[in-house]
Amino acid sequence: MDGDPAVEPELDSFSLTLPLPYRVALVVVLGVWAWGANLHYLSLVKIDVPTLIHYPQRASPRTDLPHHLSTYRLALLLTLPFSLSILLFWALSHRNPTLVIYYDFLPISLLLLLLVIFFLPRRFASTGRSRFLQTLRRVSIGGLAQAHDGKFGDILLADVLTSYAKIIADLFVALCMFFSHNGSATKRPDRACGGQYLVPIIIAIPSLIRLRQCLIEYVRVRAANRRSGGIGSQGWGGQHLANALKYSSAFPVIILSALQRNMTLNHDAVGLTEKSLYRAWLLAVMVNSLYSFYWDVAKDWDLTLFSALRSPSKVPHNMPFGLRSRLCFHTKELYYIAIVLDLLLRCTWSLKLSPHLDHFADFESGIFLMEFLEVGRRWIWIFFRVETEWVRNTERGVLGGPGQDDVLLGEYSDDLGDFGYSSGKDDDD
């Protein structure tokens, strides 16, 4: 809790109002509300999310609260201390830089309290929190349950972690600054805290988790084919490798971003010109964003947009253009809006290409907005990813039995298969 006036002018107006630890807490609390909204709307359209993720059966299903209300109750429990803490912080600090730095123990205490709430016994969605922590432990090392043990839930959580990667890194930065000598968690964020490469490594961990899960799936498919003596219904596993490649494409972006930051601090440390490094970064983010957008639409959501654009004359008359034959949501416009939003939010990096907004992501407010938009994109993605899994399972009649794989290849033939129509045959994930 350093009151050195030399550092105080570095606190921008946004950080005076919403210091880094409060930003982390805010996104975590909003994330719980968002998951409740996911469960709520999906239940309204008759999609049973607990069955899909193999959620444990409740002891009293008739008297227990619906899952979304239980989640809302937990979200409210998290919101109350957050609101009280930040109001007290504002009342004490008055946006004064010295006081903002001094009272850093308030947001750190809040983060500790939010963590403790997840371990409260017996009440406030205890079953859900226990299941979440159990899944998180398995997923944190790239583990993946078998299909009948809730594999889809593991994949869903691991994908969410990739969107929270920078939030997790900010949590580390806040704690690192708090425990540093003469440090403060509410100073201007020092994203080199702990070393220049530690934060990029933390950001890369969620993508490494999903990469390992994809490789586990590939190994499982190969083992199943060896047992059967041929290529089974899931193919040879090639799509798992393609999915792994998608997550691998995030690593060049992370590495090049770190090199750019280090070049800003030390022009001699990188060994590349600023222009060449920028071009390499631009190519890396374009590949990652467009590949990920394609995968979201064509594989995670089973929509036929790309094959329909390639062969519009082959679109079946009973199928909305670019979508699929069975839709659970009430209007097809929702799918088109989701596609457009996914593309725009996947490409928020393009703001740096504007001569007027090229430094937008260098401001703390800009960094937070980019992180918030990515979490919002993931929230939208969950609706359609869960709906897709529900369609796959119900069409194959396997609900209550082994779940389906992460992503499935339709039979790409010259007819309906060109548009990802589900034939009831599982190709290679």
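These numbers come from a predicted model, not from an experiment.

Rules used throughout
Residues numbered from 1 in each chain as written. Predicted model: local features only at pLDDT ≥ 70, side-chain atom pairs only at ≥ 80, totals over all residues. Heavy atoms only, no water. Helix = DSSP H or I, 4+ residues; strand = E, 2+ residues; numbered from the N terminus. Buried < 20%, exposed > 50% of the residue type's maximum accessible area, 1.4 Å probe, protein only. Contact = heavy atoms within 4.5 Å. Areas by Shrake-Rupley, 256 points an atom, 1.4 Å probe, with all protein chains shown as cover. Phe/Tyr/Trp six-rings, centres within 6.5 Å; stacked < 30°, edge-to-face > 60°. Lys NZ or Arg CZ within 6 Å of the ring centre and 35° of its normal. Salt bridge = Lys/Arg side-chain N within 4 Å of Asp/Glu carboxyl O. Core = buried A, V, L, I, M, F, W, Y, C linked by side-chain atoms within 4.5 Å. Axes fitted to C-alpha atoms, helices over the stretch in contact; angles between N-to-C directions. Parallel < 35°, antiparallel > 145°, perpendicular 65-115°, else oblique. Left-handed = near helix turned anticlockwise from the far one by under 90°. Expected span 1.5 Å × (residues − 1). pLDDT = per-residue confidence, 0-100. Polar contact = N/O pair within 3.5 Å; in protein donor to acceptor, adjacent residues only side chain to side chain.

Let us now look at the overall build of the protein. Along the protein, the regular secondary structure elements total 16 helices and 0 strands. Taken over 429 residues, the protein has a buried fraction of 49%. When contacts within the protein are restricted to residue pairs at least 6 apart in sequence, those whose partners lie at least 24 apart make up 70%. A total accessible area of about 20800 Å² is found for the protein, and carbon and sulfur atoms account for 65% of it.

A few words now on the packing of aromatic side chains. In total, this model carries 20 aromatic pairs according to the counting rule given. Taking the centre distance of 6.2 Å and the plane angle of 70° together, the rings of Tyr291 and Trp295 count as edge-to-face. A residue pair is termed a helical-turn pair when its members lie 3 or 4 positions apart in one helix, as Tyr291 and Trp295 do in helix 13 (residues 274-300) at 4 residues. Here Tyr335 and Phe384 contribute two aromatic rings whose centre-to-centre distance is 5.3 Å and whose plane-to-plane angle is 70°, an arrangement assigned as edge-to-face. On the criterion of sequence distance, the pair formed by Tyr335 in helix 15 (residues 333-346) and Phe384 in helix 16 (residues 364-396) is long-range, its members being 49 residues apart. Judged by relative accessible area, Tyr335 falls into the buried class, the value being 1%. Site record: aromatic cluster; members linked through ring pairs are Tyr41, Trp301, Phe329, Tyr335, Trp379, Phe383 and Phe384. Sitting above the plane of the Trp381 ring, Arg378 keeps its charged end 4.4 Å from the centroid.

What follows is about the pattern of salt bridges. In the structure shown here, the tally under the stated rule is 18 salt bridges. Linking Arg210 and Asp159 is a salt bridge whose minimum nitrogen-to-oxygen distance equals 3.3 Å. Placement of the pair is Arg210 in helix 10 (residues 198-228) and Asp159 in helix 8 (residues 151-163), with a sequence separation of 51 residues. Both residues of the pair, Arg210 and Asp159, count as buried.

So, about the nonpolar core. Judged by nonpolar contacts, the single largest core of 60 residues is most densely connected at Tyr22, Ile47, Leu78, Trp301, Phe329 and Val386. Considering each element in turn, this core owes the most residues, 9 residues, to helix 16. Beyond its immediate sequence surroundings of up to four residues, Ile47 is in contact with Leu42, Leu52, Cys328, Phe329, Val386, Glu387 and Trp390. One finds Ile203, Ala204, Tyr247 and Ile254 within the second-largest nonpolar core, a separate group that totals 18 residues.

The N-to-C vectors of helix 2 (residues 20-44) and helix 6 (residues 105-117) enclose an angle of 30°; their axes lie 9 Å apart at closest approach. Taken together, helix 2 and helix 6 sit at an angle that is classed as roughly parallel. For the pair helix 2 and helix 6, the crossing hand works out as left-handed. Here Pro21, Tyr22, Val24, Ala25 and Val29 of helix 2 lie close against helix 6, whose contacting residues are Leu106, Pro107, Ile108, Leu110, Leu111 and Leu114.

Between its first and last C-alpha atoms helix 2 spans 36 Å; for 25 residues at 1.5 Å apiece the expected length is 36 Å, and the two agree. One or two steps after helix 2, the chain reaches Lys46, where phi turns positive at roughly 65°.

Turning next to the confidence of the model for the protein. Close inspection of predicted coordinates is inappropriate in any region flagged by low pLDDT. When the pLDDT values of the protein are averaged, the result is 85; 83% of them are 70 or greater. Note on residues 1-9: pLDDT is under 50 here. Beyond four places in sequence and across chains, it has 18 contacts.

All right, on to unusual backbone geometry then. In this structure, His54 takes a positive phi of about 55° despite not being glycine. Phi at His94 takes a positive value of approximately 55°, unusual for a residue other than glycine. With respect to the helices, strands and loops of the structure, His94 is situated in the loop between helix 4 (67-93) and helix 5 (97-102).

What follows concerns the side chain of Ser93. Examined against the element boundaries, Ser93 turns out to sit in helix 4. Assessed through its relative accessible area of 0%, Ser93 is described here as buried. A polar side-chain atom of Ser93 sits 2.8 Å from the main-chain carbonyl oxygen of Phe89. In this view, Ser93 contacts Leu99 and Val100; residues no more than four positions away in its chain are not counted.

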